[in-house]
Amino acid sequence: MPTLERLRPDHADALLAFERENREYFARAIPDRGDAYFADFAARHAALLAEQDAGVCHFHLVLDDAGLLVGRVNLVDVADASAELGYRIGERAAGKGMATAAVAEVCHLACTTYGLTSLVAITTLDNFASRTVLERNSFTAVENITVDARPGIRYRRSHLGH
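This report concerns the structure included in the present document. (Residues numbered from 1 in each chain as written. Predicted model: local features only at pLDDT ≥ 70, side-chain atom pairs only at ≥ 80, totals over all residues. Heavy atoms only, no water.)

### Topic: empty space enclosed by the protein
And step 1. Taken as a whole and assessed by the stated rule, the structure comprises 1 cavity of 30 Å³ or more.
And step 2. In this structure, the largest cavity occupies an estimated 50 Å³ of space.
And step 3. Around the largest cavity, the lining residues are Glu19, Arg23, Phe26, Ala27, Ile30, Pro31, Asp32, Arg33, Phe38 and Arg88.
And step 4. Element by element, the count of residues in the lining of the largest cavity is highest for helix α2 (residues 23–27), at 3 residues.
And step 5. Its residues assigned to classes, the lining of the largest cavity comprises 5 nonpolar, no polar and 5 charged. (1 Å grid on protein atoms, 1.4 Å probe; cavity = no way out; pocket = protein on both sides within 12 Å on 5 of 7 lines; lining within 4 Å. Points joined across faces, edges and corners; volume = space filled by probe spheres on them. Helix = DSSP H or I, 4+ residues; strand = E, 2+ residues; numbered from the N terminus. Nonpolar A, V, L, I, M, F, W, Y, C, P; charged D, E, K, R; others polar.)

Have a look at this one:
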């Protein structure tokens, strides 16, 4: 069972190492973050912490049973008791139920800690793993969209307390 930790300043080095280690893996399914993300990581990390302090985002690291960073689950653009869910699990932990469990925990936090009542998430039509995670966590497909010039789906989950 994964453990979630709210993003902190001292997570920077581990998070950068995680993103570098999984860059090629993530780029197979989602657009690459680009070289600037890695070159300016310290500033980016500080900006994320500022957004979190302002309450407009909630960032979480996913740790495995050994305490190793294996993923991220984020709630962004918090407004009107809603937020957008985003997540990524590294290659070594993929396919082990980590994403499903981490998303379930963030849905619980969204309701109990952050006072949110609904979440949205977006994925591409061909990202079956991501779609499965969302559907296992009671998200419902609500709209076909285009994501980076590819067919995609917008999901929604309301009634987070249930």
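Next, the rest of the story.
### Points about the layout of surface pockets
And step 1. Looking at the largest pocket, its volume works out to about 1,200 Å³.
And step 2. Along the walls of the largest pocket sit 44 residues, with Ile30, Gly86, Tyr87, Arg88 and Ser130 positioned nearest its centre.
And step 3. Mapped onto the lining of the largest pocket, the elements with two or more residues apiece are α2, α4 (41–53), β3 (69–79), β4 (82–89), α5 (98–112), β5 (118–124) and α6 (128–136).
And step 4. Among the residues making up the lining of the largest pocket, the classes are represented as 23 nonpolar, 10 polar and 11 charged.

### So, α4
And step 1. Spanning 13 residues, α4 covers 18 Å between terminal C-alpha atoms, matching the ideal 18 Å at 1.5 Å per step.
And step 2. Those residues of α4 that sit buried are Phe41, His45, Leu48, Leu49 and Gln52. Looking straight down α4, one finds that the buried residues subtend no more than 100° of arc, so they occupy a single side. Among the exposed residues of α4, those pointing more than 90 degrees away from its buried face are Ala43 and Asp53.
And step 3. Contacts from the buried residues of α4 go to β1 (3–6), α1 (12–21), α3 (35–39), β2 (58–63) and β3.
And step 4. Downstream of α4 by a residue or two, Gly55 has a phi angle that is positive, lying close to 80°. (Expected span 1.5 Å × (residues − 1). Buried < 20%, exposed > 50% of the residue type's maximum accessible area, 1.4 Å probe, protein only. Arc of directions from axis to C-beta. Contact = heavy atoms within 4.5 Å.)

### Here we look at unusual backbone geometry
And step 1. Unlike most non-glycine residues, Ala81 shows phi in positive territory, near 65°.
And step 2. Considering the arrangement of structural elements, one finds Ala81 in the loop between β3 and β4.
And step 3. One non-glycine residue, Ala149, lies in the positive phi region at around 70°.
And step 4. Mapped onto the secondary structure, Ala149 falls in the loop between β6 (140–147) and β7 (150–158).

Honestly, that's just the spatial picture; any functional story needs more than this.
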